[in-house]
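What follows is the residue order along each chain.
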Amino acid sequence: MNSPRKNQQKKLANQEDQNSNKNLVVKLYNALNKRDVDTVHQLLNPDLEWWFHGPPHHQHMMRLLTGSSPDDSFLVVPYSICTIGSIVLVEGTDLSGTVYWAHAWTVSPQGVIVQVREYFNTSLIVTKLDDKYFKPVWKSRLPDWARKSLPGLVLAI
């Protein structure tokens, strides 16, 4: 049986891991906006799994991560970051505020980003299995202009 002290230590360790994961993703966004390829490569697994939902012409993250369009002027402007275990959920917009995106980054125990799920102009609800049922644990906060005009998806973690 776990003592209250051990439970508290586990909670603190989990919180430290989540803060570390969040800081890693913030560092990635800063590197992407500066087009700092070396830092981006240090933070990502070379075999990064990438999944995209949205209009194909909005695959900005793919172009930024692969360098396929170094002149792409798209900048990511995160406005909300939430960590659930090894997953860091980030939502934001571009500089003009005309497009909305949400990213779900998965960070390995070694502190490397191994997966990104990108949702462009899509409302997202994240659920987590609790006993026998999936319960919502996060919901995107859409900009006012997008409240009734975006498709919605559920991500189960």
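Refer to the preceding data block for the structure.
Residues numbered from 1 in each chain as written. Predicted model: local features only at pLDDT ≥ 70, side-chain atom pairs only at ≥ 80, totals over all residues. Heavy atoms only, no water.

Here we look at the overall build of the chain
Okay, step 1: Across its full length, the chain carries three helices and eight strands.
Okay, step 2: For the chain, the N- to C-terminal ordering of α and β elements is α-α-β-α-β-β-β-β-β-β-β.
Okay, step 3: Expressed as a percentage of its 157 residues, the buried residues of the chain come to 41%.
Okay, step 4: Long-range contacts, defined here as pairs at least 24 residues apart, represent 52% of the contacts in the chain between residues at least 6 apart. (Helix = DSSP H or I, 4+ residues; strand = E, 2+ residues; numbered from the N terminus. Buried < 20%, exposed > 50% of the residue type's maximum accessible area, 1.4 Å probe, protein only. Contact = heavy atoms within 4.5 Å.)

Observations regarding the nonpolar core
Okay, step 1: One finds Leu28, Tyr29, Trp105 and Ile113 to be the most contacted residues of the largest nonpolar core, which totals 24 residues.
Okay, step 2: With six residues, helix α1 (residues 4-34) is the largest single contributor of residues to this core.
Okay, step 3: Those residues in contact with Trp105 that sit more than four places away from it in its chain are Val25, Leu28, Tyr29, Leu44, Met61, Ser86, Ile87, Val88, Val90, Ile113, Gln115 and Val116.
Okay, step 4: Of all hydrophobic cores here, the second largest spans 13 residues; its members include Ile84, Ile87, Tyr119 and Trp138. (Core = buried A, V, L, I, M, F, W, Y, C linked by side-chain atoms within 4.5 Å.)

Observations concerning the environment of Val77
Okay, step 1: Tracing the sequence through the fold places Val77 in strand β2 (residues 77-84).
Okay, step 2: Residue class for Val77 comes out partly exposed when judged on its relative accessible area of 29%.
Okay, step 3: Separated by 18 residues in the primary sequence, Val77 and Leu95 place their C-alpha atoms 6.5 Å from one another.
Okay, step 4: Residues contacting Val77, with those up to four places away along its chain left out, are Gly92, Thr93, Asp94, Leu95 and Trp101.

Side note on the sheet that holds strand β1 (residues 44-53)
Okay, step 1: Sheet architecture is open: five strands sit in the order β1-β5-β4-β3-β2, paired in mixed fashion. Taken across any chain shown, the strands that pair with only one partner, and hence form the sheet edges, are β1 and β2. Going from strand to strand, the sheet's axes swing by 20° on average, the running direction of each strand aside. (Pairing = 2+ DSSP bridges. Axes fitted to C-alpha atoms, helices over the stretch in contact; angles between N-to-C directions.)

Focus: the pattern of salt bridges
Okay, step 1: Using the criterion set out here, one finds two salt bridges in the structure.
Okay, step 2: With a closest N to O distance of 3.0 Å, Lys135 and Asp130 form a salt bridge.
Okay, step 3: On the basis of relative accessible area, Lys135 is assigned to the partly exposed category, the value being 43%. (Salt bridge = Lys/Arg side-chain N within 4 Å of Asp/Glu carboxyl O.)

Read these as geometric descriptors, not functional statements.
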